[in-house]
Amino acid sequence: MTRRRKVAWLLLAVLAGTLASLSGCSNLGYYWQSANGHLDLMRAAKPVPKWLADPGISTALRDKLALTQRMRRFAVSELALPDNASYTEYADLHRAAAVWNVVAAPPYSLKLKTWCFPVAGCVGYRGYYRDADALAEAETQRAEGFEAGVYPVPAYSTLGWLNWAGGDPLLSTFIGYPEGELARLMFHELAHQVLYVPGDTAFNESYATAVERIGGAQWLATQASDAARTEYAQFDQRRQQFRQLTLETRRQLEAIYDDSDNGTRDMQAVDARKKAALDDFRTRYATMRAGWSGPQQGAYDRWVARANNALFGAQAVYDDLVPAFEALYEREGRDWRRFHAAAAKLADLPKKQREEALKNMTHENGKPGV
């Protein structure tokens, strides 16, 4: 245990206690589990060179760790992403996810409930390091009248705040991803260290998603093998099909909820239309899935079975503004430094002006408005 890590653990524990005292006793348990969860993650991490020197690790892990260091260098040199301590260490968490996020939305809206935190601002999710805790929180939200969902998160960003303490490590929860997906995830999380607007989840996630999509495509085109490109093409084709299906369903649900006129109309009819839309979504997914094959055939089964307003709303956060950021990248001459700087200028605008600027950008480039 290094002195740096001892200090980091102490400061995190003190921070958690301070935040809890500022936020009220009801949040004490939540902040404490957050601090302990991240401390456990840090304790499990050790530098990649030490893992590579360990004769006991598998060849597959050794190759992936070496690959991530190439991806990290590419992110710095080609995508203008930060060159710091992040992704220079690796931790085996011995669990399926880094955290589990809880999302909640009203019965007749896709707008997510938000939770507010001192550093991150107000966000449309609440994360837990134990799935049992996340499931319990989802039940609490349902008892309050919300539709709720829980989904696993393979990685998260500390926004660069903890680079002095080792940064964000590589994790066992995503190290086994196919090459194209691994690159995208790393680029996404590093993008959060470039730009983050407290309280605007849609802006933050869409910006990072645009970076991962464009950067991931560049990695595959210039750095990956033919086999990796073929593997990714099949995976991405299915993802695009699923994304289009969910987009169409979101729009259908939004139209139904808009017609409900805040509950002044026949809500039984609204409920019937909502059920029909969700039934149609699952039927169309089953047809789509039947045309797939291989080990990833059922990748979306669990999500589809639990699909509700909360999960559809969470997906929209990651998707809806991406075309605007892709248009911004084109406008800035496909120059990454100019793109990041232009995105930062948007981030400085008041939220309504920021949203309007992004909407106008998609119209100007012939893409659907957000």
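The sections below set out a description of the structure shown in this document.

What counts as what
Residues numbered from 1 in each chain as written. Predicted model: local features only at pLDDT ≥ 70, side-chain atom pairs only at ≥ 80, totals over all residues. Heavy atoms only, no water. Helix = DSSP H or I, 4+ residues; strand = E, 2+ residues; numbered from the N terminus. Contact = heavy atoms within 4.5 Å. Polar contact = N/O pair within 3.5 Å; in protein donor to acceptor, adjacent residues only side chain to side chain. Axes fitted to C-alpha atoms, helices over the stretch in contact; angles between N-to-C directions. Parallel < 35°, antiparallel > 145°, perpendicular 65-115°, else oblique. Left-handed = near helix turned anticlockwise from the far one by under 90°. Phe/Tyr/Trp six-rings, centres within 6.5 Å; stacked < 30°, edge-to-face > 60°. Buried < 20%, exposed > 50% of the residue type's maximum accessible area, 1.4 Å probe, protein only. Pairing = 2+ DSSP bridges. Core = buried A, V, L, I, M, F, W, Y, C linked by side-chain atoms within 4.5 Å.

**Side note on the environment of Asn309**
- Tracing the backbone through its elements, the reader meets Asn309 in helix 11 (residues 309-319).
- C-alpha of Asn309 to C-alpha of Ser109: the two residues are 200 residues apart in sequence and 6.6 Å apart in space.
- Other than its neighbours up to four places away in sequence, Asn309 contacts Ala105, Pro106, Pro107, Tyr108, Ser109, Leu110, Glu147, Leu253, Tyr257 and Lys274.
- Among the polar contacts made by the side chain of Asn309, one reaches the main-chain carbonyl oxygen of Pro107 at a distance of 2.8 Å.
- Among the polar contacts made by the side chain of Asn309, one reaches the main-chain carbonyl oxygen of Ser109 at a distance of 3.3 Å.

**Considerations on the packing of helix 7 (residues 201-222) against helix 12 (residues 322-331)**
- Two elements in contact, helix 7 and helix 12, have axes separated by 8 Å at closest approach and are oriented at 55°. By the angle class used here, helix 7 and helix 12 are oblique. Read as a crossing pair, helix 7 and helix 12 show a hand that is right-handed. Along the contact surface, helix 7 presents Phe203, Ser206, Tyr207, Thr209, Ala210, Arg213, Ile214 and Gln218, while helix 12 presents Val322, Phe325, Glu326 and Tyr329.

**Describing the packing of aromatic side chains**
- Considering all chains together, one arrives at 24 aromatic pairs under this definition.
- Plain terms: the ring middles of Tyr108 and Tyr257 are 6.2 Å apart, the flat faces sit at 75° to each other, and that makes the pair edge-to-face. Placement of Tyr108 in the loop between strand 3 (99-105) and strand 4 (115-117) and of Tyr257 in helix 8 (residues 226-259) is noted, with a sequence separation of 149 residues between them.
- We classify Tyr257 as buried; its relative accessible area is 6%.

**Quick look at unusual backbone geometry**
- Phi at Leu159 takes a positive value of approximately 65°, unusual for a residue other than glycine.
- Looking at the element boundaries, Leu159 is found in the loop between strand 7 (147-153) and strand 8 (170-171).
- We note that Arg334 has phi near 55°; this positive angle belongs to a residue other than glycine.
- Along the polypeptide, Arg334 turns up in the loop between helix 12 and helix 13 (336-347).

**Some remarks on the sheet that holds strand 2 (residues 89-91)**
- Strand order in the open sheet formed by 3 strands is 1-2-8, and the pairing between neighbours is mixed. Both outer strands of the open sheet, strand 1 (45-47) and strand 8, are each paired with one neighbouring strand and no more.
- In the sheet, strand 1 pairs with strand 2 via 3 bridges, with the strands oriented antiparallel. Across the sheet, residue Lys46 finds its bridge partner in strand 2, namely Tyr90.

**Thoughts on the nonpolar core**
- Membership of the largest hydrophobic core comes to 59 residues, with the highest contact counts inside it found for Phe187, Trp219 and Phe325.
- Ranked by residues supplied to this core, first place goes to helix 7 with 8 residues.
- Among all residues touching Phe187, those that are not within four sequence positions of it are Met71, Phe74, Ala75, Leu79, Leu81, Val211, Glu212, Gly215, Gly216 and Trp219.
- Within the second largest apolar cluster, 30 residues are counted, among which are Tyr151, Phe242, Ala277 and Met288.

These results come straight from atomic positions and should not be treated as a statement about function.
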